[in-house]
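Coordinate analysis (summary)
Residues per chain, in single letters:
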Amino acid sequence: MAVSEDVMAATALTAPRVVDAMCPSRLVLEHVTSRWGVLVLIHLLGRPHRFSELRRAIGSVSEKMLTQTLQTLERDGLVHRDAKPVIPPRVDYSLTDLGREAAEQVRGLAQWTYTRMAHVEKARQAYDEAREIQSRAS
């Protein structure tokens, strides 16, 4: 049984199988867990942000990538774009109820990653050392 099938079975999900590349739920999962999607969702959990402040808060994201990520999350119904007809133009981004729900889940995973990073680094080191020993023996 593949990992995705294990996850589906363990959580008793009745949604379509996530392993199908064309499955709509897989696409949403990719959007939510993408490099920038995760960071956008987590930053918007606190409060709405303007584009420039969101870009500064995330750091190292290009304008193009942030625009694409916001558009994708907006299309999925996770982010709300509020363009106010003022001069200069003002656009605020916030989470929808659905987006807040997704962001809470993603934040939990991000917090787990942060708290368990020392264990991950230890595992990586052990793996790399074992590979080095194997390559020397070959």
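This text gives an overview of the structure that appears in the document. (Residues numbered from 1 in each chain as written. Predicted model: local features only at pLDDT ≥ 70, side-chain atom pairs only at ≥ 80, totals over all residues. Heavy atoms only, no water.)

Quick notes on the pairing of strand β3 (residues 90-95)
Each regular strand shows side chains that alternate between the opposite faces of the sheet. Counting buried positions along β3 yields 5 of 6 residues, so the element is predominantly enclosed. Where strand β1 (residues 49-50) and β3 come together, 2 bridges link them in antiparallel fashion. When the sheet's bridge partners are listed, Arg50 is paired in β3 with Asp92. The pairing of strand β2 (residues 79-84) with β3 spans 6 bridges and is antiparallel. Bridging from a neighbouring strand, Val79 pairs with Leu95 of β3. (Buried < 20%, exposed > 50% of the residue type's maximum accessible area, 1.4 Å probe, protein only. Helix = DSSP H or I, 4+ residues; strand = E, 2+ residues; numbered from the N terminus. Pairing = 2+ DSSP bridges.)

A closer look at the packing of helix α4 (residues 51-58) against helix α5 (residues 63-75)
Interaxial distance between α4 and α5 falls to 11 Å at its minimum, and their mutual angle equals 110°. On the basis of their axis angle, the class for α4 and α5 is roughly perpendicular. Here α4 and α5 pass one another in a crossing that is right-handed. Counted together, Phe51, Leu54, Arg55 and Ile58 of α4 and Glu63, Leu66, Thr67 and Leu70 of α5 form the full contact between these two elements. (Axes fitted to C-alpha atoms, helices over the stretch in contact; angles between N-to-C directions. Parallel < 35°, antiparallel > 145°, perpendicular 65-115°, else oblique. Left-handed = near helix turned anticlockwise from the far one by under 90°. Contact = heavy atoms within 4.5 Å.)

Here's the deal with unusual backbone geometry
Note: most residues except glycine have negative phi, and most peptide bonds are trans. The omega torsion of the bond from Ile87 to Pro88 falls at -5°, within 30 degrees of zero and hence cis. Although it is not a glycine, Ser60 sits at a positive phi angle of roughly 60°. Relative to the helices and strands, Ser60 is located in the loop between α4 and α5.

Some remarks on the packing of helix α3 (residues 35-46) against α4
Direction vectors running N to C along α3 and α4 enclose 115°, while the axes themselves pass 10 Å from each other. The orientation of α3 relative to α4 falls into the category roughly perpendicular. Crossing geometry of α3 relative to α4 is assigned as right-handed. Together, Trp36, Leu39, Val40, His43 and Leu44 of α3 and Leu54, Ala57 and Ile58 of α4 make up the contact between the two elements. Grouping the constituent residues of the contact of α3 with α4 by class yields 7 nonpolar, 1 polar and no charged. (Nonpolar A, V, L, I, M, F, W, Y, C, P; charged D, E, K, R; others polar.)

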